[in-house]
Amino acid sequence: MEKYGNNGGRKKEATPLKEAFDDLLKAYRLKDKFDERLLLQAWPEMMGKMVASRTTGLYIKEKKLFVKINSGPVKNELKMNRTKVMDLIEAKFGKGVIEEIVFL
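Treat the numbers as computed from the prediction; the structure is a model and nothing was measured.

Rules used throughout
Residues numbered from 1 in each chain as written. Predicted model: local features only at pLDDT ≥ 70, side-chain atom pairs only at ≥ 80, totals over all residues. Heavy atoms only, no water. Helix = DSSP H or I, 4+ residues; strand = E, 2+ residues; numbered from the N terminus. Buried < 20%, exposed > 50% of the residue type's maximum accessible area, 1.4 Å probe, protein only. Contact = heavy atoms within 4.5 Å. Areas by Shrake-Rupley, 256 points an atom, 1.4 Å probe, with all protein chains shown as cover. Polar contact = N/O pair within 3.5 Å; in protein donor to acceptor, adjacent residues only side chain to side chain. Core = buried A, V, L, I, M, F, W, Y, C linked by side-chain atoms within 4.5 Å. Salt bridge = Lys/Arg side-chain N within 4 Å of Asp/Glu carboxyl O.

**Describing the overall build of the protein**
Then, number 1: Within the protein, the secondary structure is distributed over five helices and three strands.
Then, number 2: Going residue by residue from the N terminus, the α and β elements of the protein occur as α-α-α-β-β-α-α-β.
Then, number 3: The burial tally for the protein puts 27% of its 104 residues in the buried class.
Then, number 4: Taking all contacts inside the protein whose residues are at least 6 apart in sequence as the whole, residues at least 24 apart take part in 51%.
Then, number 5: Taken as a whole, the protein presents about 8,000 Å² of accessible surface, with 54% of it coming from carbon and sulfur.

**Some thoughts on the side chain of E36**
Then, number 1: Within the fold, E36 resides in helix 2 (residues 31-47).
Then, number 2: Ignoring any residue separated from it by four or fewer positions in sequence, one finds E36 in contact with I60 and V97.

**Considerations on the side chain of T55**
Then, number 1: On the secondary structure map, T55 appears in strand 1 (residues 55-61).
Then, number 2: Separated by 3.2 Å, the side chains of T55 and W43 make a polar contact.

**Points about the nonpolar core**
Then, number 1: Counting residues in each nonpolar core, the largest one holds 21 residues, and the members touching the most others are L39, W43, L65, I89, I98 and I101.
Then, number 2: Listing elements by their share of this core, those giving two or more residues are helix 2, strand 2 (64-69), helix 4 (72-80), helix 5 (82-93) and strand 3 (100-103).
Then, number 3: The element best represented in this core is helix 2, accounting for six residues.
Then, number 4: Setting aside residues no more than four positions away along its own chain, L39 makes contact with M46, I60, I89, F93, V97 and I98.

**Let's talk about the pattern of salt bridges**
Then, number 1: Per the counting criterion, the structure on display carries eight salt bridges.
Then, number 2: Of the charged contacts, one joins E45 and K92 as a salt bridge, the two residues approaching to 3.3 Å between their closest N and O atoms. Residue E45 is located in helix 2, and its partner K92 is located in helix 5; the two are separated by 47 residues in the primary sequence.
Then, number 3: Owing to a relative accessible area of 61%, E45 belongs among the exposed residues under this scheme.
Then, number 4: Under the relative-accessibility criterion, K92 is labelled partly exposed at 43%.
Then, number 5: Shared partners join several salt bridges into a network, and the residues in it are K18, D22, K31 and D35.

See the structure below:
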């Protein structure tokens, strides 16, 4: 019986930093919150300058993205293209980060 033979459950081969970071987030159950924060930061880049400049509030609660828009026409355009916005988000972050978008 070796005293330190199993390395405490560690992998023997080196792991890429991204994979190790993802494993850490999953282990501490922070992956969802981390992805939500990334989504909020990426909103201006994903939606473009015009939509970003008219976005006054943005938050996520219970897998719902709430977007406060101060322009009526832009808000109506986003409401009509809700599935397209969801597709953009899912393409960048994968399925499950948010389930619904609410435009305020």
